[in-house]
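In case you want the letters, here they are:
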Amino acid sequence: MDVSLYKYLLMLGDNSMILGHRLSELCGHGPNLETDIALTNISLDLFGQVRSLFQYAAKVKGGSATEDTIAFSRTEREILNVILVEQPNEDFAHVVGRQYLYDIYHFLLLEALVGSKDETIAAIANKSLKEVKYHKRFSGEWLKRLAGGTDESQQRMQAAIDHMYPFLDELFHVTEVEEEMRAQGVGADLSVIKAECYAIIDDHFRIAGLQVPEHPPRVSKGKYGIHTEKMGFILSELQFMQRSYPNMQW
Amino acid sequence: MVIGKPHIEEKFRSILEKVSDPEIPVLTVLDLGVVREVIATGKKVDIKITPTYSGCPAMDTIAADIAMAFEAAGYTTNIELILAPAWTTDWISSEGRSKLEAYGVAAPLSESQDKRALLDGERVLKCTLCGSTNTKMISQFGSTACKALFQCQDCLEPFDYFKCLK
Ligand SMILES: [Zn+2]
């Protein structure tokens, strides 16, 4: 098996899986019906994309691996998402802030991966890109609306950004696997995406009247499987059925 | 790889016409454009379908329904889900578009018009009930990921809009 490719697919999928899970927690709890439906639809898109990535990862791994064993049977240390997507749904501003930062990054990443030398990755990226275009619109509109709304919504949006922004940097930390994939023309060049991503975000913040947080980037190790204390709670819910009833089927 | 136009053996069209989208039952899978290839070797048929949206929960049902329809006609099937080229709303047939409108779902606009309706709040989408373009977007996401929710400001009809996906 191509271990680097396998790990790279996990890294791509795990971010969307954990963020998709966080959004699914809002099902029935959104601030209003339309937003509730939007957030769960975005979650569904992300899980759809994860399924494609994990189906491919299962093929690369071979043996008895399936998309389900990859999602539900890995332990916390084997899951490679960044810390940003683990952040809880404190309030709607936190949901929007987390989503917005991820969407801007995700869109640029997918744009780069459309040109991947790996045909399957390129196809998944091309398909996902069309969906993420809508996610980006949704979170970007809400970022502006909350920042330009009442004093209360402005403060909350700023507080959410102050909290989320320092986690953004981890997405651009280049691991050995990502470097190898980039060198092979399979993975994206994160240094290029990083510059673009910060430029877009800073510009949007300026337009929306939000301060760019001065907090230095957090040192995080999610890409190496080292997570915050929140991860255990996420997995206990996400993996509950397969842990309790191994190999159960709907 | 399958390109733009689907490759479907003519004799199988009548079978596929009986399989409808579980979420928009007025559309057949042919109207929707999700069947990309149907090739038979004797009684064994290889079928390629492509999802509308990655997370579309209807795809598993569509695949199962297609398999059942072919089995009822005496064939065995091998159905493969392909991702490239990615589905676009341009693949919805003109017949499909009319059926959608008659069903009360506004058919996809062109990419630029879609942007005007969804992002700029412009009133360009026609109400499926009275035909007025005095319509307002209520939510970018509707009852499913592929739709947005609009309301007519003249007759007050709320209706779904099938978003342009390109
Ligand atoms: Zn009307």
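Quick notes on the overall build of chain A
Secondary structure assignment for chain A yields 10 helices and zero strands. Taking 250 residues into account, the globule formula puts the C-alpha radius of gyration at 18 Å, and chain A, at 18 Å, falls close to it. Overall size of chain A, expressed as C-alpha extent along the three principal axes, is 55 × 40 × 30 Å. Here chain A holds 250 residues, and the buried ones make up 56% of them. Long-range contacts, defined as pairs at least 24 residues apart, comprise 81% of the intrachain contacts of chain A with a sequence gap of at least 6. Surface summary for chain A: the accessible area is close to 11100 Å², and the carbon and sulfur share equals 54%. For chain A, the separation between the mean place of its 25 positive charges and that of its 35 negative charges on side chains is 3 Å.

With respect to helix 5 (residues 111-118) of chain B
Residues Asp114, Ala117 and Leu118 of chain B constitute the buried set of helix 5 of chain B. Seen from one end, helix 5 of chain B has its buried residues packed into an arc of 85 degrees, which puts them on one side. Of the surrounding elements, those touching the buried residues of helix 5 of chain B are helix 5 (119-147) of chain A together with strand 6 (135-139), strand 7 (147-152) and strand 8 (158-162) of chain B.

Quick word on the interface of chain B and chain A
Contact with chain B, which involves 28 residues of that partner, is made by 23 residues of chain A. In total, about 2200 Å² of surface goes out of reach between chain B and chain A, with carbon and sulfur atoms giving 58% of it. On the chain B side of the interface with chain A, the three residues burying the most area are Ser54, Leu83 and Phe141 of chain B, jointly 30% of the side's total. The interface formed by chain B and chain A holds three salt bridges in total.

Let's talk about the domain arrangement of chain B
Residues and elements named next belong to chain B. Splitting chain B by domain gives domain 1 (10-91) and domain 2 (104-162). A separation of 28 Å is found between the C-alpha centroids of domain 1 and domain 2. Between domain 1 and domain 2, the residue contacts involve five residues of the former and six residues of the latter. Across the interface of domain 1 and domain 2, roughly 490 Å² is buried in total on both sides, 81% from carbon and sulfur atoms. Linking domain 1 with domain 2 are zero residue pairs in polar contact (both at pLDDT 80 or more). Taken together, the residues of the side of domain 1 that touches domain 2 break down into three nonpolar, one polar and one charged.

Overview of the coordination of the zinc ion
Residues and elements named next belong to chain B. Around the zinc ion, the protein supplies Cys127 (SG), Cys130 (SG), Cys152 (SG) and Cys155 (SG) as donor atoms, at distances of 2.3 to 2.4 Å. Considering all four donor atoms around the zinc ion, angles at the metal cover 104 to 114 degrees and the coordination shape is tetrahedral. For the zinc ion, the single-chain donor residues occur in sequence as C-x2-C-x21-C-x2-C. On the basis of relative accessible area, Cys127 is assigned to the buried category, the value being 4%. The exposure class of Cys130 is partly exposed, given its relative accessible area of 42%.

Here we look at the pattern of salt bridges
Within the structure shown, the criterion is met by 23 salt bridges over all chains. In this structure, the salt-bridge partner of Lys223 of chain A is Glu178 of chain A, at a minimum N-O distance of 3.0 Å. Note that Lys223 of chain A is positioned in the loop between helix 8 (190-208) and helix 9 (230-238) and Glu178 of chain A in helix 7 (residues 176-183), a separation of 45 residues in sequence. Note on accessibility: Lys223 of chain A and Glu178 of chain A belong to one class, buried. Across the pair Glu37 of chain B and Lys48 of chain B runs a salt bridge, and its minimum N-O distance is 3.5 Å.

Rules used throughout
- Residues numbered from 1 in each chain as written.
- Chains lettered and ligands numbered in written order.
- Predicted model: local features only at pLDDT ≥ 70, side-chain atom pairs only at ≥ 80, totals over all residues.
- Heavy atoms only, no water.
- Helix = DSSP H or I, 4+ residues; strand = E, 2+ residues; numbered from the N terminus.
- Rg over C-alpha atoms; globule rule 2.2 N^0.38 Å.
- Buried < 20%, exposed > 50% of the residue type's maximum accessible area, 1.4 Å probe, protein only.
- Contact = heavy atoms within 4.5 Å.
- Areas by Shrake-Rupley, 256 points an atom, 1.4 Å probe, with all protein chains shown as cover.
- Lys, Arg positive; Asp, Glu negative; His and termini not counted.
- Charge placed at Lys NZ, Arg CZ, Asp CG, Glu CD.
- Arc of directions from axis to C-beta.
- Buried area = accessible area lost by both parts, 1.4 Å probe.
- Salt bridge = Lys/Arg side-chain N within 4 Å of Asp/Glu carboxyl O.
- Domains from an automatic or database assignment.
- Polar contact = N/O pair within 3.5 Å; in protein donor to acceptor, adjacent residues only side chain to side chain.
- Nonpolar A, V, L, I, M, F, W, Y, C, P; charged D, E, K, R; others polar.
- Donors = N, O, S within 2.8 Å, 3.2 Å for Na, K, Ca; no water.
- Tetrahedral: all angles 85-135°; square planar, octahedral: opposite > 155°, others 65-115°.

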